[in-house]
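Residues per chain are reported as follows:
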Amino acid sequence: MENKLQTTKLSIFHALVKGLLHSTIFFIGIHLKSIGFSGIEIGIIFMTYSLTGLISILPSGLSNDVFKSKNIITIGLLLLTIQYIGMANFTTFASLIPCFFLGSLGKTLYGNSMDSLFLKTTNKEHAGKRISTFLSLNYLLIAISIIISGYFLNLNIQFTSIFIVIGISFAIMAILSQIILPKNATSKFEILNYKKDIFKPDVLFFLFIMFLFALHYGSEETSYGLFLENSLNLNKLQSGLYMGTAIITMSISVLLISKLIKKIGTKNLLLLGTSMSGLGLILMTIPIPSISLFFRIIHETGDAMMFFFLYYGLSQIFDLKRIGGNAGIVTFIIIIGTSIGNLLLGPIGANYGYQVPFLIGGITTLLTFVFSLKFKYLIKH
């Protein structure tokens, strides 16, 4: 009962933080363009945001096995505070790069530490139900926050005002993290144990699949808001409703997945998730808002399956005593994929149309399906 209560508290806290993080994430490209940034500059900023994680993800993951995760979470939230306050006050490329660097560092520290804390307080037997609660609340708050941000932005409330509110909110969450979050058990650092955990055929395949799947994140981080504004001609409120509605389906999907996982198995979940995600990403480029939204929902449902596959895999294939470091390695691989996607797809969207990155991202996701189909025997969890 106590473990379940901890999971609920963690899920609510995490959902609030993720809601703040995603409230403007798909609109930031629009903001940067509005203050005069080129497609290349936007791509570099998002690439910097992603690549910064490469510097911090492994140390932060390993530190979660040695130190208390809640303390690292607090540091991460304070760095996010600095990022958003900075974005509210700076408008030049040179001044915003450090803001995004610190924000990415904070996001990485927070995300890896929260995942570690969640998984360490979740036993393997009840992992499916706990993961569904964790992800469902996460997606629900993300959807609501995007819709609210779209509403306020459509009222011509300035990005700077919203950034300040978000920055202050992160500072409040940093204080609450010390009060609400539980302490995790720590362990002795031994690098050979991590090497044994990772260098197994099923784990290496798991890493490869997540890398290939992560490439499509580049289309969403650099081009999503711009695609809705320029290709579908949606205003900011309509864009918020579009994105929020699609993400709400993720909240519903993960609840259903937790009940279906034992019936369909993780192999079929992987195949279904990658196929729906890839096809949905390609077909959402149809320039009719209602049809585009339908296929975006298909894409998000596939993504929900993949995120469930990711968390379920982490909870099953690794020793929870070393889950911080091992989860850090998985996230490291995902960030590499995302960074490559940002670097390639940001300029492509600016030069050839914002629908093109989604077409390319859909193709790489379908490649994930092809490899998963061919080597599905390696999925053992």
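So, a few notes on the structure that sits alongside this text.

The rules behind these values
Residues numbered from 1 in each chain as written. Predicted model: local features only at pLDDT ≥ 70, side-chain atom pairs only at ≥ 80, totals over all residues. Heavy atoms only, no water. 1 Å grid on protein atoms, 1.4 Å probe; cavity = no way out; pocket = protein on both sides within 12 Å on 5 of 7 lines; lining within 4 Å. Points joined across faces, edges and corners; volume = space filled by probe spheres on them. Helix = DSSP H or I, 4+ residues; strand = E, 2+ residues; numbered from the N terminus. Nonpolar A, V, L, I, M, F, W, Y, C, P; charged D, E, K, R; others polar. Salt bridge = Lys/Arg side-chain N within 4 Å of Asp/Glu carboxyl O. Buried < 20%, exposed > 50% of the residue type's maximum accessible area, 1.4 Å probe, protein only. Core = buried A, V, L, I, M, F, W, Y, C linked by side-chain atoms within 4.5 Å. Contact = heavy atoms within 4.5 Å. Patch = residues over 30% accessible without salt bridge, like charges linked within 9 Å, V, L, I, M, F, W, Y side chains within 5 Å. Areas by Shrake-Rupley, 256 points an atom, 1.4 Å probe, with all protein chains shown as cover.

Section: empty space enclosed by the protein
- Evaluated as defined, the whole model comprises three cavities of 30 Å³ or more.
- Forming the walls of the largest cavity are 42 residues, and the residues nearest its centre are Lys-18, His-22, Lys-107, Tyr-217 and Phe-307.
- Only α1 (2–22), α3 (39–66), α5 (93–120), α6 (127–154), α10 (217–230), α11 (236–283), α12 (289–317) and α13 (323–352) provide two or more residues apiece to the lining of the largest cavity.
- A per-element tally of the lining of the largest cavity places α12 first, with eight residues.
- Around the second largest cavity, the lining residues are Leu-21, Ile-25, Ile-28, Phe-46, Tyr-49, Gln-83, Tyr-84, Phe-100 and Glu-221.
- Broken down by secondary-structure element, the contributors of at least two residues to the lining of the second largest cavity are α3 and α4 (69–89).
- Grouping the constituent residues of the lining of the second largest cavity by class yields seven nonpolar, one polar and one charged.

Description of the pattern of salt bridges
- Under the counting rule described, the total for this entry stands at three salt bridges.
- Note that Glu-220 and Arg-296 form a salt bridge whose closest N and O atoms lie 2.8 Å from each other. One end of the pair, Glu-220, is in helix α10; the other, Arg-296, is in helix α12, and 76 residues separate them in sequence.
- Residue classification places Glu-220 among the buried residues on the basis of a relative accessible area of 8%.
- Of the residues examined, Arg-296 reaches a relative accessible area of 1% and is grouped as buried.
- Each of Glu-220, Arg-296 and Glu-300 takes part in a single network of salt bridges with overlapping partners.

Side note on the nonpolar core
- If you look at the biggest cluster of nonpolar residues, it comprises 97 residues, and the most contacted ones within it are Phe-13, Leu-77, Phe-170 and Leu-314.
- Residues within four places of Leu-314 in sequence aside, it is in contact with Leu-119, Phe-206, Ile-323, Ala-327 and Val-330.

As for a nonpolar patch on the surface
- On the surface, Ile-85, Ile-164, Ile-168, Ile-172, Ile-175, Leu-176 and Ile-179 cluster together into a nonpolar patch covering about 610 Å² of accessible area.
- Looking at which element gives the most residues to the nonpolar patch, the answer is helix α7 (residues 159–180), with six residues.
- Here Ile-168 shows up in helix α7.
- Note on Ile-168: relative accessible area 47%, which makes it partly exposed.

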